[in-house]
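Single-letter residue listing:
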Amino acid sequence: MGEKLSDSALDTIFRSARSYNGYLDQPVTEADCHAIWDLMKWGPTSANQMPARLIWCTSDAAKAKLAACASGTNAPKILAAPVTVILGNDEDFHEKLPELFPHANAKAWFDGNLPLRQLSAMRNGTLQGAYFIIAARALGFDTGPMSGFDNAAVDAAFFADTPHIKSNFITTLGFGDPASIFDRLPRPAFDRFNSIA
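Residues numbered from 1 in each chain as written. Predicted model: local features only at pLDDT ≥ 70, side-chain atom pairs only at ≥ 80, totals over all residues. Heavy atoms only, no water.

A few points about the overall build of the protein chain
Where we set the bar: Comment: elements are numbered from the N terminus, with helices defined as DSSP H or I runs of at least four residues and strands as E runs of at least two. In this description the radius of gyration comes from C-alpha coordinates, and the expected globular size is given by 2.2 Å times residues to the power 0.38.
From N to C terminus, the protein chain includes 9 helices and 4 strands. Helices and strands in the protein chain line up, N terminus first, as α-α-β-α-α-β-α-α-α-β-α-β-α. Expected size for 197 residues packed as a compact globule is a radius of gyration near 16 Å; at 18 Å, the protein chain falls within 12% of this value. Seen through its C-alpha atoms, the protein chain measures out along the principal axes to roughly 50 × 45 × 35 Å.

Put into structure tokens, the structure is as follows:
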């Protein structure tokens, strides 16, 4: 059993953390990107599928190419952020299962069943996207997840050589500028959206 995190750590990951629209002029290094992956990869996925495939847009050229696929309000955020990450889902994730889940023939569960792979890749890839956000926050970074972009355009621009990978969502990454966020939005109490059966 794990050790309960301190209130300060819980604030960092959840209660005080925000989705940022802008960032301070502080770099995010390639080593930082590796550190986020090396933490987020430990989050569980069904049969250790790990379908998420990430493209870390760090260069001006990559960010410009991505911004061209985004909505008018999101494009400037992408261009200004130190890094913007594309989180894609590999619909052929099952090809890696002999390595990632070696104690059963899990690849056979998905062979010839694209709809099942698509559903599973979306579910587990989205989980990994959440792990990305938590890992980034745990390491002192801020994020700005967004879905205001043309998925088909992003797929054509970034996954043309791997058409089995489909974009899920994108997120900016850096050290958040407090001036770029709105007031905290409501988070309802347990009884509003929960029931115990």
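Considerations on the pattern of salt bridges
Stated formally: Salt bridges are counted wherever a side-chain nitrogen of Lys or Arg sits within 4 Å of a carboxyl oxygen of Asp or Glu.
In total, this model carries 7 salt bridges according to the counting rule given. Across the salt bridge formed by Arg 15 and Asp 7, the nearest N and O atoms sit 2.9 Å from each other. The salt bridge involving Glu 95 is made with Lys 107; its shortest N-O contact spans 3.9 Å. Highlighted residues: Glu 95 in the loop between β2 (83–90) and α5 (97–100) and Lys 107 in helix α6 (residues 107–110), separated in sequence by 12 residues. If you follow the salt bridges from partner to partner, you end up with Asp 7, Asp 11 and Arg 15 in one network.

A word on the packing of aromatic side chains
For clarity, the threshold we go by: Here the aromatic set is Phe, Tyr and Trp, taking the six-membered ring for Trp, and pairing holds for ring centres within 6.5 Å; pairs whose planes are under 30 degrees apart are stacked, those over 60 apart are edge-to-face, and all others are tilted. For every residue, the accessible area (1.4 Å probe, protein chains only) is compared with the maximum for its type, and the residue is labelled buried under 20%, exposed over 50%, or partly exposed between those bounds.
Tallying each qualifying case throughout the model produces 5 aromatic pairs. Considering the side-chain rings of Phe 93 and Phe 110, the 5.0 Å spacing of their centres and the 70 degrees angle between planes classify their relative orientation as edge-to-face. A residue pair is termed long-range when its members are at least 10 positions apart, and Phe 93 in the loop between β2 and α5 and Phe 110 in helix α6 qualify at 17 residues. With respect to burial, Phe 93 and Phe 110 carry one shared label: buried. A connected cluster of aromatic rings, assembled from ring pairs, spans Phe 93, Phe 101, Trp 109 and Phe 110.

Structural measurements only, silent on function.
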